[in-house]
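# Coordinate inspection notes
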Amino acid sequence: MDYSGAPIEIAFGHSHWWLRPLGDRAIRIELAEQQMSLASSGLVHALSSALQPLFSHGGWALVPAYASLTLLLRPGADFGESAHQIISFLSANETPASTTNTTNPIVELQLLPEPGLDAEILADAFGLSTRQLLQQFCAARFQVAQIGFRAGFPYLLGLPPALSFQRKAVPRTHVPALSVAIGGAQAGIYPAASPGGWHIIGQIAQPLFDPNGFAERAGSPCWLAPGDRVQFVC
Amino acid sequence: MLTLIKAGLSSIQDAGRFGFEALGIGHAGFADPHSASVANLLVGNKPESACIEICESHFEITTDAPIQIACFGAWASLSIGSQANDRRQFYPGCAFWLVQGETLRIYRWFAGRTLYLATASALDLPEVMHSLSTDAANHFGGRAGRMLKNSDVLPVMAAKPAPQRTLPHAWPIPLTSSAVQGANPLRFLPFNDALAAQLNQRRYQLTSQCSRAALRLQGPALQIEPALSSALSAGVVPGAIQVLPSGEPLVLGIDAQTLGGYALAGCVISADLAKLAQVKIGEVVQFECVDWLQAQQLNLARERLQERQVLAIASSS
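Given the structure is predicted, the values throughout are model-derived calculations rather than measurements. (Residues numbered from 1 in each chain as written. Chains lettered and ligands numbered in written order. Predicted model: local features only at pLDDT ≥ 70, side-chain atom pairs only at ≥ 80, totals over all residues.)

### Describing the overall build of chain B
Keep this limit in mind: Put simply, DSSP H or I for four residues or longer makes a helix, DSSP E for two residues or longer makes a strand, and each gets a number counted from the N terminus. The quantity called the radius of gyration is restricted to C-alpha atoms. Its globule counterpart is 2.2 Å times the number of residues to the power 0.38. Any residue with 12 or fewer other C-beta atoms within 10 Å of its own C-beta is exposed, any with 20 or more is buried, and the rest are partly exposed; the C-beta atoms used are placed from the backbone. In this description, a residue-residue contact is defined by the distance between C-beta atoms placed from the backbone, which must lie within 7 Å.
The number of helices and strands found in chain B is five helices and 18 strands. Over its C-alpha trace chain B gives a radius of gyration of 20 Å, about what one expects of a compact globule, namely 20 Å for 317 residues. In terms of principal-axis extent, the alpha carbons of chain B reach across some 60 × 40 × 35 Å. Across the 317 residues in chain B, those meeting the buried criterion constitute 51%. Counting contacts in chain B only where the partners sit at least 6 residues apart, residues at least 24 apart contribute 74% of the total.

Here's what the structure looks like:
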């Protein structure tokens, strides 16, 4: 059976999703309710895990994001056939409605102060000392919702609402490598020096991206992966 | 080894990477894979072997040992020789020898924007994540993880015997089509119906801010609801047509980031993706919204043409 390319509504447990093609080489599966939250992110990772067995042959790459999962078709693979396989699988399977990923190990990252950047600005805005700011940041439990912008850049959910802070009006042209930053309700870590508009509160020593692969991460080029839980230590 | 005298806008590319997108690592690789395949086949390589991808610019290269070369893609003149008064002219579509002391100069570009230079002696560079492709944003792959620079040296492996092949007919596949007077049709599948309807039949000019990562276009701004501009970032692909909050459309290229937060009007169909690398700066594209069935038919027709061209090369030696 061929896939007609029309959007399809899918229900899993209590969550509703829309599946529709993104061009002729990708499918976007989006939560009907678009929210930046640990609950949405957890649903995306549950869907991603449920679909994984279908792709043991490597026909698709899965790109989890805050409230969507994008499936990319391998060059040469047939879209219609693969799409039909995914749709049949999703309609036949009861996907676990687990919301938070509590099975992944916690990755600890030592947070070092980085004087002269933005920690003082944020601490002043929140009426805290920089030490209190870092302590509150380290008390939070983060989860990697998505990786993008640059190779290995983790978008972290779990920032306490009290530490949320708008982006800079004018981005910095040079953010040092391994800077830990707050951008709105998210936190992130710049793997390499790059431009960036988030406020920098500290730094880690652990490299996040090595194109030749980290032996400690089974050869993966990234230290963190979507779904990982992260704890900063200071 | 090869030495770049003028690197222009060039980089090492092959078929690119697949399967690392969840880690923020995009596809990279050939922006016009069929043209790269033809260049490779002309010197007896596998179609996906690593090549030098050259974007319209002044390019010049030399060698310290005889090497067989073929170029394909954009239509440009290839000037070969050791002295100003003793140069031979070649055109893309045939294999030729470059010997020590000679230079190959490419500076007159007639049609198309991207040309592939394949060598029968394979480029001797390390694979990173199963590919030699340059990932310039993340600083790895290719030569030192960046675009090529003047004086860069490219080691090559020992020469293998290669058939001397030539395309029997000069140009079986037009680079860009003039079906619409003066504009190149860019067929796309809709993603957001309201934005796609606005984009349909509109014409845009390629600005000088076009790269392997994205094409910035000049033309009519689209009306975009503020809610669409504050969408959560999600997976994107080469060919995705983003609409900036200003209403300006921006088409992602083969070096696209893996996640994007801008609204999406649609996505260019596979058959037209190479045009993103071949339409020249200053030329005009016309967006044409197609349905799923039309896209399948156009893609199939394009594949058939490409297969015929590959067969023509195989039967030419």
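Okay, back to it.
### Things to note about the interface of chain A and chain B
For clarity, the cut-off: Gly falls in the polar group here, along with every residue not listed as nonpolar (Ala, Val, Leu, Ile, Met, Phe, Trp, Tyr, Cys, Pro) or charged (Asp, Glu, Lys, Arg).
Taken together, the contact between chain A and chain B spans 39 residues of the former and 33 residues of the latter. Within the residue set of the side of chain A that touches chain B, elements represented by two or more residues are β3 (26-31), β4 (60-64), β5 (68-73) and β8 (142-147) of chain A. When residues of the side of chain A that touches chain B are assigned to their parent elements, the largest contribution, four residues, is made by β4(A). A class-by-class count of the residues in the side of chain A that touches chain B yields 23 nonpolar, eleven polar and five charged.

### With respect to the confidence of the model for chain A
Rule in force here: Residue-level confidence of the predictor, termed pLDDT, takes values from 0 up to 100.
Taken over all residues, the pLDDT of chain A has a mean of 88, while the share at 70 or more is 92%. At the level of individual helices and strands, chain A shows its lowest average pLDDT in helix α2 (residues 79-92) of chain A, which scores 78, and its highest in strand β15 (residues 229-233) of chain A, which scores 97.

### Some remarks on unusual backbone geometry
All names here are of chain B. Residue H130 is not a glycine yet carries a positive backbone phi of 65°. Tracing the sequence through the fold places H130 in the loop between β8 (103-119) and β9 (153-154). A positive phi is found at A144, a non-glycine position, where the angle reads about 60°. You can see A144 is positioned in the loop between β8 and β9.

### Brief notes about α2(A)
All names here are of chain A. The line we're drawing: Any helix carries an expected span of 1.5 Å times its number of residues minus one. In this description, the arc belongs to the directions extending from the helix axis to the C-beta atoms.
Here α2 spans 20 Å end to end across 14 residues, near enough to the 20 Å set by a 1.5 Å rise per residue. Residues of α2 that are buried include every one of F79, A83 and L90, and no others. On an axial view of α2, the arc spanned by its buried residues comes to 30°, and they lie on one face. Across α2 from its buried face, at more than 90 degrees, point the exposed residues E81, S88 and A92.

### Details of the sheet that holds strand β14 (residues 199-203) of chain A
Hydrogen bonds along the backbone pair up the strands of a sheet, which may run parallel or antiparallel. Residue and element names in this part refer to chain A. The test is simple: Should DSSP find at least two bridges between two strands, the strands are taken to pair. All axes here are fitted lines through C-alpha atoms, helices being fitted over the stretch that makes contact, and every angle between N-to-C directions spans 0 to 180 degrees.
The mixed open sheet is built from eight strands, whose spatial order is β6-β15-β8-β9-β12-β11-β14-β7. Since the sheet does not close on itself, it has two edges, and those belong to β6 (106-110) and β7 (112-113), each with one partner. Together, β7, β14 and β15 form the strand contacts of helix α4 (residues 130-139), whose direction differs from that of β14 by roughly 80°.

### Quick look at the sheet that holds strand β14 (residues 240-243) of chain B
All names here are of chain B. A barrel is described by the order of its strands in space; here seven strands give the closed sequence β10-β17-β14-β15-β12-β11-β18, paired in mixed fashion. Neighbour to neighbour, the strand axes of the sheet diverge by 40° on average, direction disregarded. Two elements, strand β10 (residues 184-190) and strand β18 (residues 284-289), share five bridges in a ladder whose sense is parallel. Bridge pairing in β18 links F188 to C289.

### Points about the pairing of β18(B)
Note that strand β11 (residues 203-210) of chain B and β18(B) share three bridges and pair antiparallel. From the neighbouring strand, B:Y204 faces β18(B), where its bridge partner is B:V285.

### A closer look at the environment of B:A118
All names here are of chain B. Checked against the element boundaries, A118 lands in strand β8. Between the C-alpha atom of A118 and that of C71, which follows or precedes it by 47 residues, the distance is 6.2 Å. Once residues lying within four places of it in the same chain are set aside, the contact partners of A118 are A39, N40, L42, V43, N45, S49, C51 and A70.

### Considerations on the nonpolar core
Residues and elements named next belong to chain B. Short version of the rule: For this entry, the nonpolar core is defined as buried Ala, Val, Leu, Ile, Met, Phe, Trp, Tyr and Cys residues connected by C-beta atoms within 7 Å.
Within the largest apolar cluster, 156 residues are counted, with the highest numbers of intra-cluster contacts made by A39, L42 and L117. Here the element with the most residues in this core is strand β5 (residues 67-81); it accounts for eight residues. Here A39 is in contact with C51, A70, C71, F72, Y116, L117 and A118, once residues within four sequence places are set aside.

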